[in-house]
Amino acid sequence: MKKLLLTGFEPFLNYTVNPTMKIVEELDGSAIGEYELIGKIMTVDFKTSGQQLVKLLTEIQPDVHISLGLAAGRYKITPERIAINIKDGDADNEGNKPVDESIQETGEAGYLSTLPIRKIVNKLIENGLPAEISNSAGTYICNNVMYEGLHYVKTTNSEMLSGFIHIPASHELAIQHGKIPSWSHADLKQSIVICIEVLEEYGK
Ligand code: PCA
């Protein structure tokens, strides 16, 4: 079987739960089509999250890597098009708050996702699930992790597909947090399963 590394994040800022965590924990160890899923939860830490991902990629050598992140306030499932070489933003869970820093001093300005993002969006919509490509993963931890994954692929000449998908809040989070749009956990999880099923059709 082929290996697919699926990562989620721990809670961060004032989001008491991270819906990506539950999805990843539930899908860990399952099989979708030809893929064996390996689920891992990552920390929200500018100093270590990127290295954590690179360590997982190096050890597991998956055929496909997909990281999931919460984008509270978004209404749709949003595969990210590009990661940029910048870290900047709110304080992470360790209190780090970089301003205008590079992720990799000598890295490219940006790396494009190598996931079939258009096909993913089309398939989600065909299944009645709202989705669109996002043209910015921001400059917080999610962008950082996406960038490090693609930098690893580029610098090791790997054929691994790698990318990032932001998801909206779950109902559970919205109830606790207040005024943010939300989806059911079942729909969020089903969306991620569909994203993975697309890969098979894509021939990866
Ligand atoms: N979302 C944040 C970091 C962790 C997460 O789930 C982000 O979009 O950067």
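Rules used throughout
Residues numbered from 1 in each chain as written. Predicted model: local features only at pLDDT ≥ 70, side-chain atom pairs only at ≥ 80, totals over all residues. Heavy atoms only, no water. Salt bridge = Lys/Arg side-chain N within 4 Å of Asp/Glu carboxyl O. Helix = DSSP H or I, 4+ residues; strand = E, 2+ residues; numbered from the N terminus. Buried < 20%, exposed > 50% of the residue type's maximum accessible area, 1.4 Å probe, protein only. Axes fitted to C-alpha atoms, helices over the stretch in contact; angles between N-to-C directions. Left-handed = near helix turned anticlockwise from the far one by under 90°. Contact = heavy atoms within 4.5 Å. Nonpolar A, V, L, I, M, F, W, Y, C, P; charged D, E, K, R; others polar. Expected span 1.5 Å × (residues − 1). Near = heavy atom within 4 Å. Polar contact = N/O pair within 3.5 Å; in protein donor to acceptor, adjacent residues only side chain to side chain. Areas by Shrake-Rupley, 256 points an atom, 1.4 Å probe, with all protein chains shown as cover. Parallel < 35°, antiparallel > 145°, perpendicular 65-115°, else oblique. Pairing = 2+ DSSP bridges.

**Focus: the pattern of salt bridges**
Step number 1: For the structure on display, the rule yields seven salt bridges.
Step number 2: The shortest N-O distance in the salt bridge between E132 and K76 comes to 3.7 Å. Placement of the pair is E132 in the loop between α3 (117-126) and α4 (141-155) and K76 in the loop between β4 (64-70) and β5 (78-79), with a sequence separation of 56 residues.
Step number 3: We classify E132 as partly exposed; its relative accessible area is 41%.
Step number 4: Between K123 and E126 there is a salt bridge, with its nearest N and O atoms 3.8 Å apart. Placement of both K123 and E126 in helix α3 is noted, with a separation of three residues, approximately one turn of the helix.

**Structural notes on unusual backbone geometry**
Step number 1: Of note in the backbone geometry, Q61 takes a positive phi value of approximately 45° without being a glycine.
Step number 2: Position of Q61 among the secondary structure elements: in the loop between α2 (49-60) and β4.
Step number 3: With relative accessibility at 42%, the residue Q61 sits in the partly exposed group.
Step number 4: A positive phi angle, near 55°, is found at N157, a position not held by glycine.
Step number 5: Counting through the fold element by element, N157 comes out in the loop between α4 and β8 (161-167).
Step number 6: Classification of N157 as exposed rests on a relative accessible area of 68%.

**A short note on the packing of α2 against α4**
Step number 1: Where α2 meets α4, the closest approach of the two axes is 9 Å, and the angle between their N-to-C directions is 35°. Two packed elements cross with a definite hand, and for α2 against α4 that hand is right-handed. Along its contact with α2, which presents S49, G50, L53, V54, L57 and T58, the element α4 presents I141, V145, E148, G149 and Y152.
Step number 2: Residues that form the contact of α2 with α4 fall into these classes: six nonpolar, four polar and one charged.

**Some words on α4**
Step number 1: The first and last C-alpha atoms of α4 sit 21 Å apart over 15 residues, in line with the 21 Å expected at 1.5 Å per residue.
Step number 2: Most of α4 sits out of view: 13 of its 15 residues are buried.
Step number 3: Where α4 ends, the next residue or the one after it, N157, has phi of about 55°, a positive value.

**Looking at the site of the ligand**
Step number 1: Around the ligand sit F9, F12, N18, V44, G69, L70, Y140, I141, C142 and H166, and those are all the residues in its vicinity.
Step number 2: Within the contact set of the ligand, an oxygen atom lies 2.9 Å away from a side-chain nitrogen or oxygen of N18.
Step number 3: In the complex, the protein chains occlude 95% of the 260 Å² of accessible area that the ligand would expose alone.
Step number 4: Counting residues per element, the ones that place at least two in the shell around the ligand are β4 and α4.
Step number 5: Class assignment of the residues belonging to the shell around the ligand gives a composition of seven nonpolar, three polar and no charged.

**As for helix α6 (residues 185-202)**
Step number 1: Between the first and last C-alpha of α6 there are 26 Å, a value that for 18 residues agrees with the 26 Å anticipated at 1.5 Å per step.
Step number 2: Those residues of α6 not exposed but buried are L188, S191, I192, V193, I194, C195, I196, V198 and L199.

**Brief notes about the packing of helix α1 (residues 19-27) against α6**
Step number 1: Contact geometry for α1 and α6: axes closest at 10 Å, N-to-C directions at 60°. One finds that α1 runs oblique with respect to α6. Judged by the sense of rotation from one axis to the other, the crossing of α1 with α6 is right-handed. Along the contact surface, α1 presents P19, K22, I23, E26 and L27, while α6 presents H185, L188, K189, I192 and V193.
Step number 2: Of the residues in the contact of α1 with α6, the class split is six nonpolar, one polar and three charged.

**Some points on the pairing of strand β3 (residues 35-42)**
Step number 1: Bridging between strand β1 (residues 2-9) and β3 involves eight bridges; their strand directions are parallel. Looking across to β3, one finds that K2 is bridged to Y35.
Step number 2: Relative to β3, strand β2 (residues 31-32) runs antiparallel, the two being bridged by two bridges. Opposite I32, over in β3, you have Y35 as the bridge partner.
Step number 3: Taking the residues between adjacent antiparallel strands as the criterion, β2 and β3 are bridged by two residues, where G33 takes a positive phi near 60°.

The quantities given are spatial measurements derived from coordinates; they are silent on function.
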